[in-house]
Amino acid sequence: MTAEAMESPETTRPLPSLHREDRGYPWLGQLFEYSKDPVRLLRSKWDRYGPVAPFYVLGKTSVMLLGPDACGEALQNRDKAFANGPAWSQLVGPFFTRGLMLIDFDEHKSHRRIMQEAFTRPRLEGYTRRLHPAIEQGMASWDTDGRFPSYWRLKQLTLDIAADLFMGGAQDTSKAEMDRVNKAFIACVQAAAGIVRADVPFTRWGRAYRGRKVLEKFLRHYLPAKRAQQTDDIFSVLCHITTEDGDRFSDDDVVNHMIFLMMAAHDTSTITTSTILQYLGQHPEWQERCRADALALGPEPSMAELESLVPLDLVMREALRLRAPVPVLVRYAVKDTVVQGVRIPADTNVVVGVQLSHMMEDYWTDPPAFDPERFSPERREDRSHRFAWEPFGGGVHKCIGLYFAGLEIKAIMHRLLREYHWTVDPAYVPPLDHHSLPFPKDGLPIALVRKDRHGL
């Protein structure tokens, strides 16, 4: 069907009317339903309305795009009808303002072109070399007695890694200050679930406003030194990158991008690494497969060697499918458009439900099952549809740090596999908090034991 035909009123249809039972609570709408079980809500929308569904929340009727066809149209955004900035700004905009994910179109293209220089292969190889000592130091104090709260320990570890790789170590920073930085990031991320959306004390947004000030003060303290001397950490790289055309970031640009990148790097990586720990603890045969490859390498593998860890790569992809760190993306229609034959008017908030695509029987064999082999060359179920598996988004806003994230996760898992064994009750299901990015409220406890203990 041509674009002209799709835009014709004769060949399109309006957004389905919202069923009374889908209105949820007054003004809040179905916010609580989403926070309890996003996939269940997305699936109920798919069953009732199909790929383009109405969604009432916070006093407005928005649109949910479901299934890889509809999600793909939004991610490709060929008619430039969907913008990131206005959508994400309603959730976390004041706290991650001007980050790469929150700018659009020509400006986004310009900023992404500059930032891409921070993620070239030679730079990634340099970051990989810095990963190993940071991980070793971060794990040195891990206590493996009793129930090990893996999510919270990993969250601290990824923040420590970010302090080294992004900040160059921040040598004069105390542990107490880094704890404040970590709490500030958490406050800013948790703002997405805020109901009172203003700088009001004792609310999520109130805490996030204070958190943003902490992060800005922290980064601006180091900015002059980073401008003065170029080093191989990402903060310094952003300060010194200049394109062939002479484009570079201003001080404000550097601070805004650093706040967003540090959040994205340590929050999403923590979610995925803890998910891997859970499933490898519940599937010891896969843990041993991954361990055999890790033991075949030295203690500080190169980027190419981390890329060669095939079983671990399969497990990571499956973890990203089962628990996407960002289960839904948001967009804002800046003009009238059509998705899957349904007219979406300008000024409409849009939710892109990528997590549902990961769990649809049309594209995956037994979707709830942990089955890393589905990503093997012989099966490649992720190729059943171009947008069946999109944990990093797609189109021009696809995660710029996805390769770095994969290297960080593999480097952490490589050391864990070499130095520890762990188990998780096969019946364990983590109680996930979905108010913002999904995380296990109980810290995802595991039985973690060092290999040099108990004869292991």
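Cut-offs applied
- Residues numbered from 1 in each chain as written.
- Predicted model: local features only at pLDDT ≥ 70, side-chain atom pairs only at ≥ 80, totals over all residues.
- Heavy atoms only, no water.
- Phe/Tyr/Trp six-rings, centres within 6.5 Å; stacked < 30°, edge-to-face > 60°.
- Helix = DSSP H or I, 4+ residues; strand = E, 2+ residues; numbered from the N terminus.
- Buried < 20%, exposed > 50% of the residue type's maximum accessible area, 1.4 Å probe, protein only.
- Lys NZ or Arg CZ within 6 Å of the ring centre and 35° of its normal.
- Pairing = 2+ DSSP bridges.
- UniProt positions renumbered as here; feature names shortened; annotations may be inferred.
- Contact = heavy atoms within 4.5 Å.
- Axes fitted to C-alpha atoms, helices over the stretch in contact; angles between N-to-C directions.
- Parallel < 35°, antiparallel > 145°, perpendicular 65-115°, else oblique.
- Nonpolar A, V, L, I, M, F, W, Y, C, P; charged D, E, K, R; others polar.

Within the structure shown, the criterion is met by 16 aromatic pairs. For the ring pair Tyr127 and Phe404, a centre distance of 6.1 Å and an interplane angle of 90° mean the geometry is edge-to-face. Taken together, the residues Tyr127 in helix H7 (residues 121-139) and Phe404 in helix H17 (residues 402-419) connect sequence positions 277 residues apart. Here Tyr127 and Phe404 have matching classes, each one buried. A network of ring pairs unites the aromatic residues Trp364, Phe375, Trp389 and Phe392 as a single cluster. Across from the ring centre of Tyr56, 4.3 Å away, lies the NZ or CZ of Arg23, which sits over that ring. The ring of Trp286 is capped by Arg289, whose NZ or CZ atom sits 4.1 Å from the centre of that ring.

Once that is clear, we can look at the pairing of strand S9 (residues 420-423). On a regular strand, one side chain projects to one face of the sheet and the next to the other, so that they alternate. The two faces of S9 differ: Tyr420 and Trp422 on one face are buried, but His421 and Thr423 on the other face are not. Sheet analysis places S9 next to strand S12 (residues 445-450), joined by four bridges and oriented antiparallel. Each residue of the ladder has a partner; that of His421, found in S12, is Val449.

Here we have five strands laid out as an open sheet, ordered S1-S2-S8-S5-S3, and mixed in their pairing. Two strands bound the open sheet, and with one partner strand each, they are strand S1 (52-57) and strand S3 (82-83). Relative to strand S8 (residues 349-352), strand S5 (residues 329-333) runs antiparallel, the two being bridged by four bridges. Bridging across to S8, Arg331 finds its partner in Val350.

Okay, the UniProt feature "binding site: heme" (unreviewed entry) in the chain next. Annotation from UniProt places "binding site: heme" (unreviewed entry) at Cys399. Checked against the element boundaries, Cys399 lands in the loop between helix H16 (354-357) and H17. When sequence neighbours within four positions are dropped, the list of residues in contact with Cys399 reads Arg112 and Phe392.

This paragraph deals with the packing of helix H8 (residues 150-165) against helix H9 (residues 175-190). When two helices pack together, their arrangement is given by the angle between the helix axes and by the axis-to-axis distance. Closest axis-to-axis distance for the H8/H9 pair is 11 Å, and the angle between their directions is 110°. Between H8 and H9, the angle is such that the two are roughly perpendicular. Listed contacts from H9 to Lys155, Gln156, Leu159 and Ala163 of H8 are Met178, Asp179, Asn182, Phe185 and Ile186. Here the residues of the contact of H8 with H9 sort into five nonpolar, two polar and two charged.

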